[in-house]
Amino acid sequence: MRANNIKYNRKTGALRKKVPVFYIVFTALLISFFGFAQKNPKKQLTAADYHLWSSLKVEKLSEKAKWVSYSVYYENGNDTLFVKNNKGTVTYNFPKASKGEFIGDSWFSSMSFKGELLVTDLLTSKQEIVAKVLRYDLRVGTKDIILLRKQSDGKKELELKNVATNKSFILNDIDNYWYSPKADALVYTIKSESNITATLLNLRDKTTTVISSNPNVFEYSDIVWQKNAKSIAFLQQPLEGDKKTIRTSVGYYTIAEHILYTFNPALQEDFPLDIEIISSSFAYLSISEDGKRIFFGLQKTMNPVDTSKVQTWNTQDKFLYPAKVQIDGWNRLAKVAVWWPQQNHFNCITSNEFPKMMLSGDKKQALLYNPQQYEPQANRDAPLDIYILNLDTRDRKLVLQNQLGAETGVCVSIYEKQIVYFKDKHWWVYDMENNLHKNLTKDLGVTFSDDDSDWPEEASPFGNPGWIQEDKTLFIYDKYDIWSIALDGRGAVRLTRGRENKTVYRIVSQSKDEFNKMNYDGSYKGEFESNDRLLIKTEALERTGYCFWDNKNGLQPLLDKKMHTSEFITSAKSEAYVYVEQNFNLPARLVIKESLNAKEKVLFQSNSQHFKYNWGSSRLIAYNNSNGAVLNGVLFYPANYHATTKYPMVVHIYEKQSKELYNYVNPSQHNPTGFNITNFTLKGYFVFLPDIVYEIGNPGSSAVDCVVSATKKVVNIESSIDSTRIGLTGHSYGGYETDYIITQTNMFKTAVAGAAITDYISGYLRVAWGLQKPNFWHYEFGQLRIGKSLYEDYAAYLRNSPVYHADKVKTPLLSWAGEQDSVVHYYQSIEFYLALRRLGKINTMLIYPREDHVLMDEKHQQDLTERIEQWFDYYLKAEKKPQWL
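The chain is annotated in an unreviewed UniProt entry as Prolyl oligopeptidase family protein of Flavobacterium chilense.

The structure is reproduced here in structure tokens:
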């Protein structure tokens, strides 16, 4: 029910060039930490200065870690890309620039917002500006830049520019290019008045080879390279005006043999006239590793859905009517075909019977399934029967039956000749060649599924991030640790020791090639080499850190801190690394360590103005619910806190939030749910985030138990909290919990609920329009935690619905929702409003037009933020009643 986390540009004022930031930060920290504030009184921060705040993101580390690039994002859009040397003495800034790349340790390239390529000599500060650049790439292992730019006459030129010698190799009248680092070559296209030509350029010796040339009624698109860069595939698409008479074809070119194969549907006797060749996200063009098979998409020509027809909803339909007409028996879904160029033979892989697929690692076999086979059913995703299709022989056999997991194959991973899947709380492997299934984890004495989950669904696995192909070993996660397991089942090794001290170890991607790549309707897992050094992140209750692991040295701890650490980047040719650390009362700062034995050094402190203002702090609180479960919560203290002063408190709820302990929160008026922890601490509030655990069938009373127990505990611990001035707030599932809690207790003086579920019965009997599925699953298997259908436990649906207990509410409530909420219909808020209205209770409801589950319009974000704060100020601080009330 929680909306996806959304990243926002925290764009705030400018930073000065070449400022020795470390010394500023060091002085500020001395003042903050050693009590010198009396000599330099800190100021009270108000909303007028929120715009000064920014967000920090690490970008790149140069080869030998001589330089690091990072971006600072502001709410007003004045983002800046910075480059700083590892001593912290030299800084370059590039306002609103993007795609920053280091060339060795001496140059830095980036794109300006004007479409200029900026090439900066980091040693001399000399900068070259290349205008009208459309795109660029770095030639790997060299000092060359490949760039495509627009000329004054509107034509385009391709330039290979060496930044060290300033020499260039230029090709004119270029339409586009596709670069392959593996081949050290690129393909470019040229359009003339009569022809369009695709040419291969060898970047080492600048020799060219024409791949294909056609009349200028085509365009070349979707050019892809074979993994070993020995061949190329592409589409030849007719221009818009010629599509009625010319059909899209596929080209395949082998570089060593200089042979071009073409698949032209017009010359295939059995190719349907109403099918066109395409390349799309789930039906893309690709080449098998052995170069013998080419895969491409097929799309049937269809008329638009007729919305004027009478809708016929049948309970026996596999899908609800809106999904049924969109799918149209799977006719509207793109299919995937395979073509053998040497034999000029092709077959369709997917069909209306089996519309979804993934390829085996060697791309000789396909896994097929139909997600509607077990429909209609109550869960979000039906179980799957998965078949293997041998692409050469067309033999098909059932290998996995009634396999749980979403369509994306979250519990099914495909390796070279093996399928790894999770079933009955264990990881299994299926050997395609020998037709054998083997349980890999049954003798390890550890559970690999999340049995602590309090959702009614079958427990999900903790995951398998990838494998080492050479060693045929698989990485598997349990609750805490990483295991290496042989795919033949001959052995398993626990690589980490997290269970002993309740620390979670997880592998972190160090390159975009390591982790999940699309495999049509699924994904390939990460592929590691046996000598790779893995980067691992560690997370414990009050600590985060990183370590390395490799076969030779085992686990090598790097850092472990009572802070939130993130964005860890290693150097390609040194032991150096950089990362970001932060605390609730310490803004994010960029830290570098130049070697494993060197001291850490702060390279950049974001939001240096922070140290001029009073700020709050955070503290972890342990408590027990009525069942004796040990839980945690985070208490945030007011800015300029004095132990002798009584403060109001706002309790914010949503399942488990104790991981927020060390997160620095920028003050802002632009909050998608209207709530900002820092805003409230700056205004003299305590803020409390308690963890909540649930009993299946009683989510409402579980929330009451945990929140009331936690609030009582924190009031007892901290005498500065005024127990008569406590507010409650939450959004989405937290909004539901807020509405339910105020029907059961008068502990809270006021409350705010956003996008809340208030009626489990009407919510159960609605369509989840974003998914085009019934909403049953959310209650029977998901977050709403009833665990049974409405007709199996009607009393539980009544018992857990705030609207049926509205007569007990004595707490003034502010509720809000988006008028176009696709997750929780805003009628849910209206139901509770009408109940409270009929009963004469105090409730103000805000409905935001054109908004979904969270607010995206900045004017609406500010409006909601201000209203929520005014609401709490009025009820908890007795401030003047706002006019809108």
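## Section: the overall build of the chain
Across its full length, the chain carries 10 helices and 58 strands. For 885 residues, the compact-globule estimate of 2.2 N^0.38 gives 29 Å, and the chain sits close to it at 30 Å. With 885 residues in all, the chain has 54% of them scored as buried. In the chain, 53% of the contacts between residues at least 6 apart in sequence involve partners at least 24 apart. Counting every atom, the chain has about 39,600 Å² of accessible surface; 49% of that belongs to carbon and sulfur. The chain carries 107 positive and 100 negative side-chain charges, and their two centres are separated by 6 Å.

## Brief notes about the packing of helix 4 (residues 699-717) against helix 5 (residues 733-741)
Put simply, helix 4 and helix 5 touch, their axes get as near as 9 Å, and they point 80 degrees apart. In terms of axis orientation, helix 4 runs roughly perpendicular to helix 5. Residues Pro 699, Gly 700, Ser 701, Ala 703, Val 704 and Val 707 of helix 4 lie in contact with helix 5, whose contacting residues are Tyr 733, Tyr 736, Glu 737, Tyr 740 and Ile 741. Residues that form the contact of helix 4 with helix 5 fall into these classes: eight nonpolar, two polar and one charged.

## Considerations on the sheet that holds strand 54 (residues 750-754)
Strand order in the open sheet formed by eight strands is 49-50-52-51-53-54-57-58, and the pairing between neighbours is mixed. Each having just a single partner strand, strand 49 (618-624) and strand 58 (843-848) make up the two edges of the open sheet. Neighbour-to-neighbour, the strand axes of this sheet turn through a mean angle of 20 degrees, independent of strand direction. Bridge count for strand 51 (residues 647-652) against strand 52 (residues 686-690) is three bridges, and the pairing is parallel. Paired with Met 649 across the bridge in strand 52 is Phe 686. Seen against the sheet, helix 4 touches strand 49, strand 50 (630-636), strand 51, strand 52 and strand 53 (721-731) and runs at an angle of roughly 120 degrees to strand 49.

## Remarks on the sheet that holds strand 15 (residues 195-202)
Strand order in this open sheet of four strands is 13-14-15-16, and the pairing throughout is antiparallel. What marks the edges here is a single partner per strand, and that holds for strand 13 (174-180) and strand 16 (208-215). Between one strand axis and the next, the sheet turns through 15 degrees on average, direction left out of account. Taken together, the seven bridges between strand 14 (residues 185-191) and strand 15 define a ladder with antiparallel strand orientation. Bridge assignment links Tyr 188 to a residue of strand 15, and that residue is Thr 199.

## Quick word on the environment of Asp 450
By the secondary structure assignment, Asp 450 is in the loop between strand 33 (436-439) and strand 34 (466-468). The partly exposed category is assigned to Asp 450, whose relative accessible area is 27%. Remark: the alpha-carbon pair of Asp 450 and Gly 463, spanning 13 residues in sequence, is separated by 10.0 Å. Those residues in contact with Asp 450 that lie beyond four places of it in its chain are Ala 459, Ser 460 and Phe 462.

## With respect to the side chain of Glu 851
Tracing the sequence through the fold places Glu 851 in the loop between strand 58 and helix 10 (858-877). Despite its burial, Glu 851 pairs with no opposite charge; the closest candidate is Arg 850, at 6.8 Å N-O. For Glu 851, the side chain forms a polar contact with the main-chain nitrogen of Met 856, separated by 2.8 Å. Side chain to side chain, Glu 851 and His 860 meet in a polar contact 2.8 Å long. Leave out the neighbours within four places in its chain, and Glu 851 touches Gly 818, Glu 819, Gln 820, Asp 821, Met 856, Asp 857 and His 860.

## Some points on the packing of aromatic side chains
Tallied over the full model, the rule gives 54 aromatic pairs. Ring centres 4.6 Å apart and planes at 25 degrees place the aromatic pair Phe 568 and Tyr 577 in the stacked group. A ring pair is formed by Tyr 637 and Phe 686, whose centres lie 5.0 Å apart and whose planes are at 65 degrees; its orientation type is edge-to-face. Remark: Phe 686 occurs in strand 52 and Tyr 637 occurs in the loop between strand 50 and strand 51; sequence separation between them is 49 residues. With relative accessibility at 0%, the residue Phe 686 sits in the buried group.

## Structural notes on the UniProt feature "domain: Peptidase S9 prolyl oligopeptidase catalytic" (unreviewed entry) in the chain
When the UniProt feature table is mapped to this numbering, "domain: Peptidase S9 prolyl oligopeptidase catalytic" (unreviewed entry) covers residues 702-877. The span residues 702-877 is 41% helical and 18% strand by assignment, and the distance between its end C-alpha atoms comes to 30 Å.

## What to know about the pairing of strand 50
Taking burial as the measure, the seven residues of strand 50 include six buried ones, the bulk of the element. Across seven bridges, the pairing between strand 49 and strand 50 is antiparallel. Across the sheet, residue Ser 618 finds its bridge partner in strand 50, namely Phe 636. The loop that links strand 49 with its antiparallel partner strand 50 comprises five residues; one of these, Gly 628, has a positive phi angle of about 90 degrees. As judged from the four bridges shared by strand 50 and strand 52, these two strands associate in the antiparallel manner. Across the sheet, residue Gly 633 finds its bridge partner in strand 52, namely Pro 690.

## Points about the pattern of salt bridges
A full pass over the atoms with the stated rule returns 42 salt bridges. The partner of Asp 317 in a salt bridge is Lys 324, and the shortest N-O contact between them spans 3.0 Å. Since its relative accessible area comes to 17%, Asp 317 is described here as buried. A salt bridge links Arg 785 to Glu 655; the nearest nitrogen and oxygen atoms lie 3.0 Å apart. In this pair, Arg 785 is assigned in the loop between helix 7 (776-780) and helix 8 (794-799) and Glu 655 in the loop between strand 51 and helix 3 (677-682), connecting sequence segments 130 residues apart. Judged by relative accessible area, which is 1%, Arg 785 ranks as buried. Overall, the relative accessible area of 17% leaves Glu 655 in the buried class. Residues participating in the shared-partner salt-bridge network are Arg 139, Asp 144, Asp 184 and Arg 204.

## Here's the deal with unusual backbone geometry
In this structure, Pro 376 follows Glu 375 across a cis peptide bond, with omega equal to -5 degrees. Looking at the secondary structure, you find Pro 376 in the loop between strand 27 (365-369) and strand 28 (384-390). Phi at Asp 173 is positive, roughly 60 degrees, even though this residue is not glycine. Along the polypeptide, Asp 173 turns up in the loop between strand 12 (168-171) and strand 13. Within the chain, Lys 472 stands out as a residue other than glycine whose phi angle is a positive 55 degrees. If you trace the backbone, Lys 472 turns up in the loop between strand 34 and strand 35 (473-477).

Reading the values: the criteria
Residues take numbers from 1 onward in each chain, read along the sequence in its written order. Reporting of local features is limited, given that this is a predicted model, to residues whose pLDDT is at least 70; pairs of side-chain atoms are given and counted only at 80 or more, and all residues count toward the totals for whole chains, interfaces and linings. Side-chain metrics in this entry use all non-hydrogen atoms of the structure; hydrogen atoms and water are not considered. Segments assigned H or I by DSSP are reported as helices when at least four residues long, segments assigned E as strands when at least two residues long, and all are numbered from the N terminus. As defined in this context, the radius of gyration uses C-alpha atoms, and a globule is described by 2.2 Å times the residue total to the power 0.38. Whether a residue is buried, partly exposed or exposed follows from its accessible area with a 1.4 Å probe, protein chains only, as a fraction of its type maximum: under 20%, in between, or over 50%, in that order. Two residues form a contact once any of their heavy atoms are found within 4.5 Å. The Shrake-Rupley method, run with a 1.4 Å probe sphere, supplies the accessible areas, and residue values consider only the shown protein chains as cover. Positive charges come from Lys and Arg alone, negative charges from Asp and Glu alone, with His and the N- and C-terminal ends not counted. Where a charge lies is defined by one atom per residue type: Lys uses NZ, Arg uses CZ, Asp uses CG and Glu uses CD. The convention used is that axes are lines fitted to C-alpha atoms, helices contributing only their stretch in contact, and that angles between N-to-C directions extend from 0 to 180 degrees. Angular relationships are summarised with four words: roughly parallel below 35 degrees, roughly antiparallel beyond 145, roughly perpendicular across 65 to 115, and oblique for the angles in between. Amino acids are sorted into nonpolar (Ala, Val, Leu, Ile, Met, Phe, Trp, Tyr, Cys and Pro), charged (Asp, Glu, Lys and Arg) and polar (every other residue, Gly among them). DSSP bridges decide pairing: two strands pair if at least two such bridges lie between them. Salt bridge, as applied in this entry: a Lys or Arg side-chain nitrogen positioned within 4 Å of an Asp or Glu carboxyl oxygen. Polar contacts, as counted here, are pairs of nitrogen or oxygen atoms within 3.5 Å of one another; within protein the pair requires one atom able to donate a hydrogen and one able to accept it, and residues that are adjacent in sequence qualify only if both atoms are side-chain atoms. Here the aromatic set is Phe, Tyr and Trp, taking the six-membered ring for Trp, and pairing holds for ring centres within 6.5 Å; pairs whose planes are under 30 degrees apart are stacked, those over 60 apart are edge-to-face, and all others are tilted. UniProt positions are given in the numbering used here, feature names are shortened, and annotations may be inferred rather than shown by experiment.

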